[in-house]
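Take a look at the letters that make up each chain.
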Amino acid sequence: MAGFAKDLCLLGATDQDLAKHFEVSLATINNWKKKHLAFRLAIKAGKFVADAQVAGALFQRAKGWSCEETDIRVIDKKVVVTKYTKHYPPDTGAAIYILNNRQKELWRSHQVFEHAGKIATDQLTDAQLDAKAQALLALVTKLSAESGTLPGRSHEGENLAAELPGTDT
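The structure contained in this document is the topic of the report that follows.

Conventions used here
- Every residue gets a number counted from 1 within its own chain, in the order that chain's sequence is written.
- Note on the predicted model: pLDDT of at least 70 is required for a residue's local features to be given, and 80 or more for side-chain atom pairs to be given and counted; whole-chain, interface and lining totals, by contrast, use all residues.
- Hydrogens and water molecules were not included; the side-chain quantities draw on all heavy atoms of the structure.
- As a rule, the C-alpha atoms of each element are fitted with a line to give its axis, helices using only the stretch in contact, and angles between N-to-C directions run from 0 to 180 degrees.
- Strands here are runs of E lasting at least two residues and helices are runs of H or I lasting at least four, both read from the DSSP assignment and numbered beginning at the N terminus.
- These descriptions rest on fixed angle ranges, namely under 35 degrees for roughly parallel, over 145 for roughly antiparallel, 65 to 115 for roughly perpendicular, and the rest for oblique.
- By definition, residues are in contact when any of their heavy atoms lie within 4.5 Å.
- All amino acids are sorted into three groups, where Ala, Val, Leu, Ile, Met, Phe, Trp, Tyr, Cys and Pro are nonpolar, Asp, Glu, Lys and Arg are charged, and the leftover types, Gly among them, are polar.
- Put simply, a nonpolar core is a bunch of buried Ala, Val, Leu, Ile, Met, Phe, Trp, Tyr and Cys residues held in one set by side-chain atoms that sit within 4.5 Å of each other.
- Think of it in three bands: residues with accessible area under 20% of the maximum for their type are buried, residues over 50% are exposed, and the middle band is partly exposed, with areas taken using a 1.4 Å probe on protein chains only.
- If you view the pair so one helix is near and one far, a crossing is left-handed when the near helix is turned anticlockwise from the far one by less than a right angle, and right-handed when it is turned clockwise.
- Strand pairing follows a simple DSSP-based rule, namely that at least 2 bridges must link the two strands.
- Pairing of aromatic side chains here covers Phe, Tyr and the six-membered ring of Trp, requires ring centres within 6.5 Å, and sorts the geometry by plane angle: under 30 degrees stacked, over 60 edge-to-face, intermediate tilted.

The N-to-C vectors of helix H2 (residues 15-22) and helix H3 (residues 26-35) enclose an angle of 105 degrees; their axes lie 8 Å apart at closest approach. When the axis of H2 is compared with that of H3, the two are roughly perpendicular. Here Asp-15, Gln-16, Leu-18, Ala-19 and Phe-22 of H2 lie close against H3, whose contacting residues are Leu-26, Ile-29, Asn-30, Trp-32 and Lys-33. Across the contact of H2 with H3, the residue classes tally to six nonpolar, two polar and two charged.

Below, the structure is given as structure tokens:
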């Protein structure tokens with residue numbers, strides 16, 4: 001039974017799939033794994049190999065590859081066999097997926113910005129709050145007009161929060 005479970009896992013079977021195949025519950029599969037070392041190791045080995053093959057295929061797809069192909073045609077009532085090298089270009093989607101997962105800090109698809117300064121609003125009058133809101137609106141407008149500027153920084157790299165009256169930097 002362990003060898004068959006391994007073969008099923010090599011084909012991509014999950015524990016739930018094993019339970020369906022053996023006509024038992026998932027809890028029974030988990031109990032078998034606890035009680036029978038050979039069964040547990042066979043499942044682990046099958047899943048490991050299957051996962052490694054899929055990861056290898058994804059890696060190949062990300063970097064592109066070439067392979068020898070054979071073209072067989074009938075031309076002028078003769079069979080013509082032509083060998084050639086077929087090139088598969090790198091797949092940017094696969095490359096992005098791999099890099100997003102392996103080098104998150106360098107390749108994450110979204111950026112996280114944190115505001116480190118403080119704006120004390122509890123002791124401000126309504127007029128002061130209105131002035132701050134106007135200043136923030138002006139800053140947002142300025143940043144929107146400047147392409148390639150990180151939020152909170154000017155082209156020269158200075159902290160734009162320092163330009164706002166009453167802000168701590």
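So, on to the nonpolar core. Generally speaking, soluble globular proteins have nonpolar side chains that are buried together. One finds Ala-5, Leu-8, Cys-9, Ala-13, Leu-18, Ala-19, Phe-22, Ile-29, Trp-32, Phe-39 and Ile-43 forming the largest nonpolar core, which totals 11 residues. Elements represented by at least two residues in this core include exactly helix H1 (2-10), H2, H3 and helix H4 (37-63). Residues within four places of Ile-29 in sequence aside, it is in contact with Asp-15, Leu-18, Ala-19, Phe-22, Val-24 and Phe-39.

Okay, the packing of H4 against helix H5 (residues 92-102) next. Packing of H4 against H5 brings their axes to within 7 Å, and their N-to-C directions diverge by 120 degrees. Overall, the two elements H4 and H5 adopt an arrangement that is oblique. H4 and H5 meet at a crossing whose hand is left-handed. Contacts between H4 and H5 involve Leu-58, Phe-59, Arg-61 and Ala-62 from the former and Ala-94, Ala-95, Tyr-97 and Ile-98 from the latter.

Here 11 bridges tie strand E1 (residues 65-75) to strand E2 (residues 78-88), and the two strands are oriented antiparallel to one another. Directly across from Trp-65, in E2, lies its bridge partner Tyr-88. From the end of E1 to the start of E2, which pair antiparallel, there are two residues, and Asp-76 there has a positive phi angle of about 50 degrees.

A separate point is the packing of aromatic side chains. Tallying each qualifying case throughout the model produces four aromatic pairs. An angle of 70 degrees between the planes, with centres 6.4 Å apart, marks the rings of Phe-4 and Phe-22 as edge-to-face. You can see Phe-4 sitting in helix H1 and its partner Phe-22 sitting in helix H2, a full 18 residues away along the chain. By relative accessible area, which is 18% here, Phe-22 ends up buried. With a centroid separation of 4.5 Å and an interplanar angle of 15 degrees, the aromatic rings of Trp-65 and Tyr-88 are classed as stacked. One end of the pair, Trp-65, is in strand E1; the other, Tyr-88, is in strand E2, with 23 residues separating them in the sequence. Relative accessible area serves as the criterion here: at 28%, Tyr-88 is assigned to the partly exposed category. By the ring-pair criterion, three or more aromatic residues cluster together here, those being Phe-4, Phe-22, Trp-32 and Phe-39.

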